[in-house]
Amino acid sequence: MVSRSYSNLLELASGEAPSPSFTRMSRRIPRIMTVAGIMSDLDDDGSESGCSDPSSSSAQKDRIIVVANQLPIRVQRKTDGSKGWLFSWDENSLLLQLKDGLGDDEIEVIYVGCLKEEIHPNEQDEVSQILLETFKCVPTFVPPDLFTKYYHGFCKQQLWPLFHYMLPLSPDLGGRFNRLLWQAYVSVNKIFADRIMEVINPEDDFVWVHDYHLMVLPTFLRKRFNRVKLGFFLHSPFPSSEIYKTLPIREEILRALLNSDLIGFHTFDYARHFLSCCSRMLGISYESKRGYIGLEYYGRTVSIKILPVGIHMGQLQQVLSLPETEVKVAELVEQFNHQGRTLLLGVDDMDIFKGISLKLLAMEQLLLQHPEKQGKVVLVQIANPARGKGKDVEEVREETNSTVKRINEVYGRPGYQPVILIDKPLKFYERIAYYVVAECCLVTAVRDGMNLIPYEYIISRQGNEKLDKVLKLDSSTQKKSMLVVSEFIGCSPSLSGAIRVNPWNIDVVADAMDSALVMPEPEKQLRHEKHYRYVSTHDVGYWARSFLQDLGRTCKDHVRRRCWGIGFGLSFRVVALDPNFRKLSMEHIVSAYKRTTTRAILLDYDGTLMPQNAIDKKPSAKTIEIIKTLCRDKSNMVFIVSARSRKTLADWFPTCEKLGIAAEHGYFLRMNQDEGWETCIPEVECCWKEIAEPVMQLYTETTDGSVIEDKETSMVWSYEDADPDFGSCQAKELLDHLESVLANEPVTVKSGQNIVEVKPQGVSKGLVAKRLLTTMQEKGMSPDFVLCIGDDRSDEDMFEVIMSSVSGPSMAPSAEVFACTVGRKPSKAKYYLDDTTEIVRLMQGLASVAEQMLPQM
């Protein structure tokens, strides 16, 4: 029997079928109670109809389901000879600290994740029951072979190196893409989704997913519950688009992340890289409104949160107060301070990105350039065990050991070792003791996520009264600390008082170490005070509360929106629309067309009848035939309303004799070929072009792929074929530049889709709509059918005029009005169609009806 956890793998990951190991049963855990005596009623299929009654959770606190690869639980076998396991909280886990920061009185936290030990299937039910009842944890059991492919395979060999800027240029440099490992990754994310389904109350609960191990989980959850309140936080770097786009499944992961409501990053750089990838690979641009960054994704707003995680102040201060910490500090003071030696400290995992060997080379350079420091400065390097495994870890360990040995042989002497390497696990209080004594902390990773070592060091250096006595400091003595941090770690932007370095530049790192040692005491104190003030106020609780506050703000409109899912596999996404905004159906408009006798039809051209990215912009023979058919019906007034020049439009539609044309946003207007061109506003001189043209030309020369389109009354700078990021940046600059130099001219400067346009004041497509309705009214032909279709901001003016004219004198009573935009997006229109293909299909349907009705007239 195949478990639900794996049955949909082929639907979600293209490629070969999963191996037999993928088909082991996963066990269900007992459902949790939402109110005493009432079990949450979730069907196996996870459909939204299975949601529990909202009233059933009214007596409960707000609840959040925190999902991560590992539970914040320590596991060990019972040692008394009996069967079973012993469980305890892992106080060092960020997930547990997150819960403490939120406070038990305000919110209930449920954890979903894997255990660090393998649990036999026969014991899984019992373990699940214990963890749920005692710790409110839901363990996710993954078969060992599948977990190896998922975690040590795809996560650690492919995602982790790539996100740290290591391309698999050879088999030794990170793992090359392996579809079987990708299938395993998708499959495990599916298992996580199944476990969440067993405990979630989807109408009330928040779900917070953590880190790159679970990046496709949002798609599974969104597919089960369209309105799930879902946040995702990435704790690793997010690489630049040039690196990320080498990933074969790049779009699948981006789209999966966009099924979240809120996506969090530690730094603006990481968020900027993600937004750039969305723009370049999915064509989705972001907007910043009142300080919040968001992406419009099929009617949903996906918010971006930028906030570095903090430390658990309470836990750290508690450890600083332990007697064991005092004893260890006293030992280190005796070992270093009483020997007249200054302690420099490095604390890193033993992996290729932490830059341990570069730090050691910088220490060697310091001793070489400053012989007076030999015998007086000691670098203690604490090397934590690597989280992954493989050849690269062994190479780092060998290089580190050989470098330490060489430095100690050259610069060491009896009783003095310039570098002390501690490559065994230390207890937390021991590490804290080293922080307390160290004059300077060095964090020189070549690429890292947040890295909380500097934060821990700052709080430890603040100390307490007992430690002050051990260090023989007066209570009035101002505390000090010094940090040398890499530019490539997530905490660097928040530590403005640290000495920031490029870890690859050994000389610069050595100079920074020297500066940290010789800096005047008052300056050290000022830097420490600044850092302590920030770290103590931006702790893990502040981070968690801020994230959940933004998640709640983002999800507040879920209830009032109509939602439905579209797409298959990892291309699945949810369309969310205002209840009054709906898709224009062929049956509805055809029925209205047949019932009515006087019709006004206004059509935009680019982006409506013609795709924006089309190479040949001329209308097809099919489009021309549709227009001609509609124009043959004397009950129809058909208009093309475009930003293009009147000559271009006249040349493109020479056979459509009854077609009305509005060119250059309606400045020029022609009711049909038999009538001459007229203007919607008084004619204006275009002397302003002499000012605008040189400015546009300057930006054209500096922006490869951009062009200038000079029309009779307007000028357009287009960057459709330029680099999207650079083109957008240049467009903003050009907009400001043109607004400045044309401030006294009778023109408006506006930005549109990949363009910046200058046109006469007062010109808009809304004038065309108003003119057409007025003309038809004057002829005694007030329309009882109005269809207006457009795709961008300029078309909103038409929608506004038409919607405001309903029930007015320019339309017949009970007129059928269809204002339709292209794509699901905020609009004054009441209807939408997905793309130009659907629009042409709709117009073809109307043309067919019109042709059938012609013989009757």
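Structure: see above.
Residues numbered from 1 in each chain as written. Predicted model: local features only at pLDDT ≥ 70, side-chain atom pairs only at ≥ 80, totals over all residues. Heavy atoms only, no water.

Focus on the overall build of the protein
Point 1. Looking only at helices and strands, the protein features 27 helices and 34 strands.
Point 2. With respect to the three principal axes, the spread of C-alpha positions in the protein is 110 × 70 × 50 Å.
Point 3. In the protein, buried positions account for 56% of the 857 residues.
Point 4. Partitioning the contacts of the protein with sequence separation of at least 6, the portion at a separation of at least 24 is 71%. (Helix = DSSP H or I, 4+ residues; strand = E, 2+ residues; numbered from the N terminus. Buried < 20%, exposed > 50% of the residue type's maximum accessible area, 1.4 Å probe, protein only. Contact = heavy atoms within 4.5 Å.)

Details of the sheet that holds strand β27 (residues 678-679)
Point 1. The strand order across the open sheet formed by nine strands is β22-β34-β33-β32-β23-β24-β25-β26-β27, and the pairing between neighbours is mixed. Strands with a single pairing partner mark the edges of an open sheet, and in this sheet they are β22 (582-583) and β27.
Point 2. Note: strand β26 (residues 668-670) against β27, two bridges, orientation antiparallel. Note that in β27 the partner of L669 across the bridge is E678. (Pairing = 2+ DSSP bridges.)

Some words on the pattern of salt bridges
A side chain of one charge can pair with a side chain of the opposite charge if their charged atoms are brought near each other.
Point 1. With the rule as written, the count across this model stands at 47 salt bridges.
Point 2. One network of salt bridges, with partners in common, ties together E439, R461, K480, E521 and K524. (Salt bridge = Lys/Arg side-chain N within 4 Å of Asp/Glu carboxyl O.)

Looking at helix α17 (residues 506-518)
Point 1. The end-to-end C-alpha separation of α17 is 19 Å, in line with the 18 Å expected for 13 residues at 1.5 Å each.
Point 2. When α17 is considered as a whole, its buried residues turn out to be I506, V509, A510, A512, M513, D514, A516 and L517. (Expected span 1.5 Å × (residues − 1).)

Regarding the packing of helix α2 (residues 94-102) against helix α19 (residues 540-555)
Point 1. In the contact formed by α2 and α19, the axes pass within 8 Å of each other and the chain directions differ by 80°. As far as their axial angle goes, α19 and α2 are roughly perpendicular. Note on element contacts: α19 touches α2 through V540, G541, W543, A544, R545 and L548, opposite L94, Q97, L98, G101 and L102.
Point 2. The residue makeup of the contact of α2 with α19, split by class, is seven nonpolar, three polar and one charged. (Axes fitted to C-alpha atoms, helices over the stretch in contact; angles between N-to-C directions. Parallel < 35°, antiparallel > 145°, perpendicular 65-115°, else oblique. Nonpolar A, V, L, I, M, F, W, Y, C, P; charged D, E, K, R; others polar.)

Focus on the nonpolar core
Point 1. Core analysis: the biggest nonpolar cluster contains 183 residues, and V67, L115, F238, L258 and F274 have the highest contact counts within it.
Point 2. Tallying contributions element by element places helix α5 (residues 179-197) first for this core, with eleven residues.
Point 3. In contact with F238, other than residues within four places in its own chain, are F163, Y165, Y244, L254, F265, Y270, H273, F274 and C277. (Core = buried A, V, L, I, M, F, W, Y, C linked by side-chain atoms within 4.5 Å.)

Overview of the sheet that holds strand β16 (residues 419-422)
Point 1. On the basis of which strands lie adjacent, the open sheet formed by six strands has the order β16-β15-β14-β17-β18-β19 and parallel pairing. In this open sheet, the two edge strands, each paired with only one partner strand, are β16 and β19 (499-501). Strand-to-strand, the axes of this sheet are offset by a mean angle of 20°, without reference to chain direction.
Point 2. Note: strand β15 (residues 377-384) against β16, four bridges, orientation parallel. Among the inter-strand pairings, Q381 is bridged to a residue of β16, identified as L421.
Point 3. Contacts from helix α14 (residues 428-437) reach β14 (342-349), β15 and β16 within the one sheet, and its direction differs from that of β14 by about 140°.

Description of the side chain of S810
Point 1. Within the secondary structure, S810 is located in the loop between α26 (793-804) and β33 (816-822).
Point 2. Beyond its immediate stretch of four places on either side in the chain, S810 contacts L773, Q777, S782, P783 and S805.

Some details on the pairing of strand β12 (residues 292-297)
On a regular strand, each side chain points to the face opposite its neighbour's, so the side chains alternate between the two faces of the sheet.
Point 1. Sheet topology places strand β11 (residues 286-289) next to β12; four bridges connect them, and they run antiparallel. From the neighbouring strand, S288 faces β12, where its bridge partner is I293.
Point 2. Where β11 folds back on β12, the antiparallel hairpin that results is connected by two residues, among which R290 adopts a positive phi of roughly 50°.
Point 3. In this structure, β12 lies alongside strand β13 (residues 300-306), joined through five bridges in antiparallel fashion. The residue bridging I293 from the neighbouring strand is I304, located in β13.
Point 4. Connecting β12 to the antiparallel partner β13 that follows it, the hairpin turn spans two residues, and Y298 within it adopts a positive phi of roughly 55°.

Side note on the pairing of strand β17 (residues 440-443)
Point 1. Neither face of β17 is exposed, since C440 and L442 on one face and C441 and V443 on the opposite face are all buried.
Point 2. Pairing of β14 with β17 involves two bridges; the strand directions are parallel. Along β17, the bridge assignment pairs L345 with C441.
Point 3. In this structure, β17 lies alongside strand β18 (residues 483-486), joined through three bridges in parallel fashion. The partner of L442 across the bridge, within β18, is V484.

As for the packing of aromatic side chains
Point 1. Per the counting criterion, the structure on display carries 31 aromatic pairs.
Point 2. Taken together, a centroid distance of 5.5 Å and an interplanar angle of 55° make the contact between F163 and F238 tilted. With F163 in helix α4 (residues 144-163) and F238 in the loop between β9 (229-233) and α7 (241-244), this pair connects stretches of sequence that are 75 residues apart. Residue F163 shares its accessibility class with F238, and that shared class is buried.
Point 3. Ring centres 5.3 Å apart and planes at 40° place the aromatic pair Y605 and W652 in the tilted group. Of this pair, Y605 sits in the loop between β23 (599-603) and α21 (621-632) while W652 sits in helix α22 (residues 646-652); the two residues are 47 residues apart in sequence, bridging distant segments of the chain.
Point 4. Each member of the aromatic cluster is reached from another via a ring pair, and the members are F147, Y150, Y151, F154, F177, W182 and Y185.
Point 5. Its end group placed over the ring of F206, K229 keeps NZ or CZ at 4.6 Å from the ring centre. (Phe/Tyr/Trp six-rings, centres within 6.5 Å; stacked < 30°, edge-to-face > 60°. Lys NZ or Arg CZ within 6 Å of the ring centre and 35° of its normal.)

Some words on helix α3 (residues 124-135)
Counting along an α-helix, one turn takes 3.6 residues, and residues three or four places apart therefore face a common direction.
Point 1. Taking 1.5 Å of rise per residue, the twelve residues of α3 would be expected to cover 16 Å, and the 16 Å separating its terminal C-alpha atoms lies within 8% of that figure.
Point 2. Turning to α3, its buried residues are Q124, V127, S128, L131, L132 and F135. The buried residues of α3 all sit within an arc of 125° when viewed along its axis, so they share a single face. Among the exposed residues of α3, those pointing more than 90 degrees away from its buried face are E126, E133 and T134.
Point 3. Among the structural elements, β4 (73-77), β5 (85-89), β7 (137-139) and α5 are those in contact with the buried residues of α3.
Point 4. Just downstream of α3 lies K136, where phi reads positive at about 55°. (Arc of directions from axis to C-beta.)

Comments concerning a negative patch on the surface
Point 1. A grouping of D100, D104, D105 and E106 is seen on the molecular surface, where their side chains present a negatively charged patch.
Point 2. Tracing the sequence through the fold places E106 in the loop between α2 and β6 (107-114). (Patch = residues over 30% accessible without salt bridge, like charges linked within 9 Å, V, L, I, M, F, W, Y side chains within 5 Å. Areas by Shrake-Rupley, 256 points an atom, 1.4 Å probe, with all protein chains shown as cover. Lys, Arg positive; Asp, Glu negative; His and termini not counted. Charge placed at Lys NZ, Arg CZ, Asp CG, Glu CD.)

Remarks on the environment of M482
Point 1. Its place among the elements puts M482 in the loop between α16 (465-470) and β18.
Point 2. Judged by its relative accessible area of 1%, M482 falls in the buried class.
Point 3. Between the C-alpha atoms of M482 and P454, which are 28 residues apart in sequence, the distance is 9.5 Å.
Point 4. Setting aside residues up to four positions removed in sequence, M482 forms contacts with E439, C440, C441, Y457, I499, A516, M519, K524 and R527.

Some thoughts on the state of the cysteines
Point 1. Tallying each qualifying case throughout the model produces zero disulfides.
Point 2. With no disulfide partner, C114 has as its closest neighbouring cysteine sulfur the one in C155, 10 Å distant.
Point 3. Look at C114 and you get buried, because its relative accessible area is 4%.
Point 4. Here C137 stays unpaired: no disulfide links it, and the sulfur of C114, its closest cysteine neighbor, is 12 Å away.
Point 5. The buried category is assigned to C137, whose relative accessible area is 0%. (Disulfide = S-S within 2.5 Å.)

Quick notes on the environment of S321
Point 1. Along the polypeptide, S321 turns up in the loop between α10 (313-320) and α11 (323-335).
Point 2. On the accessibility criterion, S321 (38% relative accessible area) is partly exposed.
Point 3. Beyond its immediate stretch of four places on either side in the chain, S321 contacts E326 and N464.
Point 4. A distance of 3.0 Å separates a polar side-chain atom of S321 from the backbone oxygen of Q317. (Polar contact = N/O pair within 3.5 Å; in protein donor to acceptor, adjacent residues only side chain to side chain.)

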